[in-house]
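Geometric and topological summary
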Amino acid sequence: MSAHDAIVLPFATSTPAMARTRLASFLTLNLVAPEVIDDALLVISEMIANAVNHGGPTPDGGIEISWTIQGDLLELSVLDHGAGGSLTPIDFDEDSLSGRGLSIISQVADRWWVDMSHGTRVNAELHTTPR
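Residues numbered from 1 in each chain as written. Predicted model: local features only at pLDDT ≥ 70, side-chain atom pairs only at ≥ 80, totals over all residues. Heavy atoms only, no water.

Description of the overall build of the protein
Where we set the bar: Think of it this way: any DSSP run of H or I at least four residues long counts as a helix, any run of E at least two long counts as a strand, and we number them from the N terminus. Three labels apply to residues, based on accessible area from a 1.4 Å probe with only protein chains included: buried if under 20% of the type maximum, exposed if over 50%, partly exposed otherwise in between. In this analysis, two residues are considered to be in contact whenever any of their non-hydrogen atoms come within 4.5 Å of each other. A 1.4 Å probe and the Shrake-Rupley method give the accessible areas. Residues count as covered only by the protein chains that appear here.
Looking only at helices and strands, the protein has three helices and five strands in total. From first element to last, N terminus to C terminus, the protein shows the α and β order β-α-α-β-β-α-β-β. Relative to its 131 residues, the protein shows a buried fraction of 43%. If you take every contact in the protein between residues at least 6 apart in sequence, the share linking residues at least 24 apart comes to 65%. Looking at the protein as shown, the accessible area adds up to about 7,100 Å², and 52% of this sits on carbon and sulfur atoms.

Written as structure tokens, this is what we have:
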């Protein structure tokens, strides 16, 4: 199975909710297991929140978001036009109010990486079948 979708949404704090709705529909239509959908929605939310909090908008004021299913892998991708910054998960505890995004992505995704060749693109992979 192979399927892909890409969108540009506003560079705003409301964007994670809009992206979750679109991603949930895409994954449901592609018969992805509910527990994988839950994980994917969490990961995309954290990726977008990090971009909005620490990155920069595209020239048209947006943020580029895409997802692809290729075989048994779901790849999520968020591109903002910010540059620099630390993209390393940090330790946190239950009292931490911020700084948990990359640690959550690291715990939930099977693999994640960053490409800073044109802005900042954070990618994550999840298997589409529960483990």
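Anyway, onward from the coordinates.
Topic: the nonpolar core
For clarity, the threshold we go by: Take the buried Ala, Val, Leu, Ile, Met, Phe, Trp, Tyr and Cys residues and link them wherever side-chain atoms come within 4.5 Å; each set so joined is a nonpolar core.
Leu23, Leu27, Ile44, Met47, Ile65, Trp67 and Leu76 are the most contacted members of the largest nonpolar core, which has 33 residues in total. Put simply, the parts of the chain that give this core at least two residues each are strand 1 (2–10), helix 1 (15–29), helix 2 (34–54), strand 2 (62–70), strand 3 (73–80), helix 3 (101–108) and strand 5 (120–127). When residues of this core are assigned to their parent elements, the largest contribution, ten residues, is made by helix 2. Look past the residues within four positions of leucine 27 in its chain and what remains in contact with it is Val32, Ile37, Ala40, Ile69 and Leu74.

Looking at helix 1
Which entries qualify depends on this criterion: Multiplying one less than the number of residues by 1.5 Å gives the expected span of a helix. As used here, the arc is the angular range of directions from the helix axis to the C-beta atoms.
Taking 1.5 Å as the rise per residue, helix 1 with 15 residues should run 21 Å; its terminal C-alpha atoms sit 21 Å apart, in good agreement. Taken as a whole, helix 1 has its buried residues at Thr15, Pro16, Ala19, Leu23, Phe26 and Leu27. Projection of helix 1 onto a plane perpendicular to its axis shows the buried side chains occupying an angular sector of 95°, all on one side. More than 90 degrees from the buried face of helix 1, the exposed residues found are Thr21 and Leu29. The inward-facing, buried residues of helix 1 abut strand 1, helix 2, strand 2 and strand 3. Downstream of helix 1 by a residue or two, leucine 31 has a phi angle that is positive, lying close to 60°.

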